[in-house]
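Structural features, examined
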Amino acid sequence: MSESRTISLISYAEAHAALEAAVAFATERGISLSFVVVDGAGHLVTCARMDGAPFVTIEVARGKAFACIATGGQKGRQLRERYLEHPMVWGNIPSLGYGAPLLPAIGSEPIWRDGKLIGAMGASGGSAEIDEEALKVAIEAIGATITP
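Summarised in this report is the structure supplied together with it.

Definitions and cut-offs
- Residues numbered from 1 in each chain as written.
- Predicted model: local features only at pLDDT ≥ 70, side-chain atom pairs only at ≥ 80, totals over all residues.
- Heavy atoms only, no water.
- Helix = DSSP H or I, 4+ residues; strand = E, 2+ residues; numbered from the N terminus.
- Buried < 20%, exposed > 50% of the residue type's maximum accessible area, 1.4 Å probe, protein only.
- Contact = heavy atoms within 4.5 Å.
- Pairing = 2+ DSSP bridges.
- Axes fitted to C-alpha atoms, helices over the stretch in contact; angles between N-to-C directions.

**Focus on the side chain of E132**
Relative to the helices and strands, E132 resides in helix α5 (residues 128-141). Look at E132 and you get buried, because its relative accessible area is 7%. Ignoring any residue separated from it by four or fewer positions in sequence, one finds E132 in contact with R77, I106, G107 and E109.

Here it is as structure tokens:
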């Protein structure tokens, strides 16, 4: 008899609350960013492009979050290192994502709750440090973590 598996997914309410926290973080700093939240299966749950955010930042944020989920919850910094170590492999992967590119870049964080990967969040439009900080604040605001 096979064992059934279940997947834990971030709810829309949680994703929206994280998104609001990220937007508040950016607003307080006077910067315009884009944010995307995907669930543990890589499906888009919610997103926002703040007024004045640079061109295509929403698509970049989605690609970052999608890559995080596709690699089992690896953080953007880890994915960037993997890209630098194997550029030929990662250079051919972006087009493999269904409905979103896979972008191994700083600015994505996994969303963990109770040891389960429930989603990921991507940010784009600021420096790598600002993108990461906004995501950490947003994820912590919903009582989740960026580590298992």
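**Regarding unusual backbone geometry**
Glycine aside, the phi torsion of most residues is negative, and most peptide linkages are trans. One non-glycine residue, V56, lies in the positive phi region at around 55°. In this structure, V56 sits in the loop between β2 (44-49) and α2 (57-70). The class for V56 is partly exposed, based on a relative accessible area of 37%. Located in the positive-phi region is D114, a residue other than glycine, with phi close to 55°. In this fold, D114 is placed in the loop between β3 (108-113) and β4 (116-124).

**Considerations on the sheet that holds β2**
Spatial strand order, β2-β1-β4-β3: 4 strands in an open sheet with antiparallel pairing. A strand with exactly one partner marks an edge of an open sheet, and here the two such strands are β2 and β3. When the angles between neighbouring strand axes are averaged without regard to direction, this sheet yields 15°. Strands in contact with helix α1 (residues 12-28) are β1 (34-39), β2, β3 and β4; relative to β2, the strand with the most contacts, it is inclined by about 20°. Where α2 meets the sheet, its contacts fall on β1, β2, β3 and β4, and the angle it forms with β4 comes to roughly 150°.

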